[in-house]
Each structure stands twice: as C-alpha cells, then as structure tokens.
Amino acid sequence: RCWNWELVITCVMAYGVCAIIVGQTFSMTTLMGEDPLVWDEQVLYTYEAWALLGLNTMTTATSFFLPIRSIVSWTVPAVGVVSYACTMPFSGFEHVARTLVLIALSYIAWCGAWQTEKHMRTEFAAVRQVERSSSLLEDRNVLIRAKSKEIDRQEDEIREKDGLAK
C-alpha cells in the first residue's frame, strides 16, 4: 500500500506552522503560566514579528511550492492562524489587526495556489483533448484509407468489366 504523500506533507507543514507559534519563547512562557511581560516590550514585539514572518513564510511556501491540492492546502494556513490567535496574548485592536493581516496574507497565498492548480488542470485537460482529437483523426484517416482502397478496387472491377464488354 502506498503512502498518501499529500496528507503527510500537509500534516508536516501544519505541524511546522503550529510549532513556529507554540514553540517560541514568548508563547512557551505564557503556556507555562509565567509572566512574559517581564521582558522588554521591544523583545516581545520582536518575537511576535518573527512568529508572523515565520507563519507567512510557511504558508506561502506551502501554497506555492508544494504539490498539494488546494482542497487540502487551506488547512496549513488555517492551523497557523488559529495557533497564532489562540497563543498570542490578546492586546486589543493590535492583536485583531495582526490576525486579520495574517488571514489576508494566507488567503492571498492560497488563492495563488488555487489559480496555479486551476491553470494546470486546464492545461492538462487541453492536452488530453488534443490527444483525443489526434487519436480520432488517426482513426478517421485509417477509415478513409480503407474506403479509398475499397473504391479503387471497385473502380478496377468496373474497368475490367467495361474492358471485357467491348
């Protein structure tokens, strides 16, 4: 039995986007019940910026470079957005704005992957249509040659009969 590599790749990428968020120091201290705000605010925003950049990179890489169908690939950005929204501390409008930007970037990447897949499917269908048309033309060409030989044979028989009748 063969592995479903599309599912394996999707799970690995979903784990990667989740690990980017949950595995960073700020999220880990929050999850462990410690106070992450004892750090300098600049360090706090740096970790969040790196988390957003990592999520966007993973989502874009999944959407553009991995051979995953678009019906499955939406799970990777969704896991990233949900893990970000659930683990980062709610800081009011800024948190909502960053989450919306992440959703927008993920959606744009997914739409790009969907359009690429649509183009590839259309191209594949066009190639299949050309192959079918070529096969049909070949079959008709063989039929025409056979009919042509039959007509030539009948004309030869008529000429022979005309030659004998004279």
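Residues numbered from 1 in each chain as written. Predicted model: local features only at pLDDT ≥ 70, side-chain atom pairs only at ≥ 80, totals over all residues. Heavy atoms only, no water.

A tally of regular secondary structure across the protein gives six helices and zero strands. Traced from its N-terminal end to its C-terminal end, the protein shows the element sequence α-α-α-α-α-α. The buried share among the 166 residues of the protein stands at 25%. Counting contacts in the protein only where the partners sit at least 6 residues apart, residues at least 24 apart contribute 70% of the total. (Helix = DSSP H or I, 4+ residues; strand = E, 2+ residues; numbered from the N terminus. Buried < 20%, exposed > 50% of the residue type's maximum accessible area, 1.4 Å probe, protein only. Contact = heavy atoms within 4.5 Å.)

Here we take up helix α5 (residues 75-87). Here α5 contains 13 residues, and its C-alpha end-to-end distance of 18 Å stays within 8% of the 18 Å for a straight helix at 1.5 Å per residue. Buried within α5 we find V76, P77, G80, V81, S83, Y84 and T87. Along the axis of α5, the buried positions cluster into a sector of 165°, meaning they face one direction only. (Expected span 1.5 Å × (residues − 1). Arc of directions from axis to C-beta.)

The next thing to look at is the pattern of salt bridges. Summed over the entire model, instances satisfying the criterion amount to five salt bridges. E150 is paired through a salt bridge with R153; the nearest N and O atoms lie 2.4 Å apart. Within this pair, E150 and its partner R153 are both found in helix α6 (residues 93-165), separated by three residues, close to a single helical turn. Given a relative accessible area of 32%, E150 falls into the partly exposed group. A cluster of three or more residues bridged by salt bridges with shared partners is formed by E150, R153 and E157. (Salt bridge = Lys/Arg side-chain N within 4 Å of Asp/Glu carboxyl O.)

What follows deals with the side chain of T59. Mapped onto the elements, T59 comes out in helix α3 (residues 41-65). Residues in contact with T59, not counting those within four places in the same chain, are P77, S106 and A109.

Once that is clear, we can look at the nonpolar core. Formed by M13, V17, I21, A51, L52, L55, V76, V81, Y84, M88 and L102, the largest nonpolar core amounts to eleven residues. Among the elements of the structure, α1 (5-22), α3 and α5 are those that each provide at least two residues to this core. (Core = buried A, V, L, I, M, F, W, Y, C linked by side-chain atoms within 4.5 Å.)

Inspection of the secondary structure assignment puts T62 in helix α3. Looking at T62, the relative accessible area reads 2%, which means it is buried. A polar contact is formed between the side chain of T62 and the backbone oxygen of M58, at a distance of 2.8 Å. Beyond its immediate sequence surroundings of up to four residues, T62 is in contact with M13, I68 and V76. (Polar contact = N/O pair within 3.5 Å; in protein donor to acceptor, adjacent residues only side chain to side chain.)

Below, the discussion takes up a nonpolar patch on the surface. A surface patch of nonpolar side chains, about 400 Å² in accessible area, is lined by V101, L105, Y107 and I108. Judged by its relative accessible area of 52%, Y107 is exposed. (Patch = residues over 30% accessible without salt bridge, like charges linked within 9 Å, V, L, I, M, F, W, Y side chains within 5 Å. Areas by Shrake-Rupley, 256 points an atom, 1.4 Å probe, with all protein chains shown as cover.)

Looking at the secondary structure, you find M13 in helix α1. Spatially, the C-alpha atoms of M13 and V79 are 9.4 Å apart, while their sequence positions differ by 66 residues. In this structure M13 touches M58, T62, L66 and V76, once residues within four positions along its chain are discounted.

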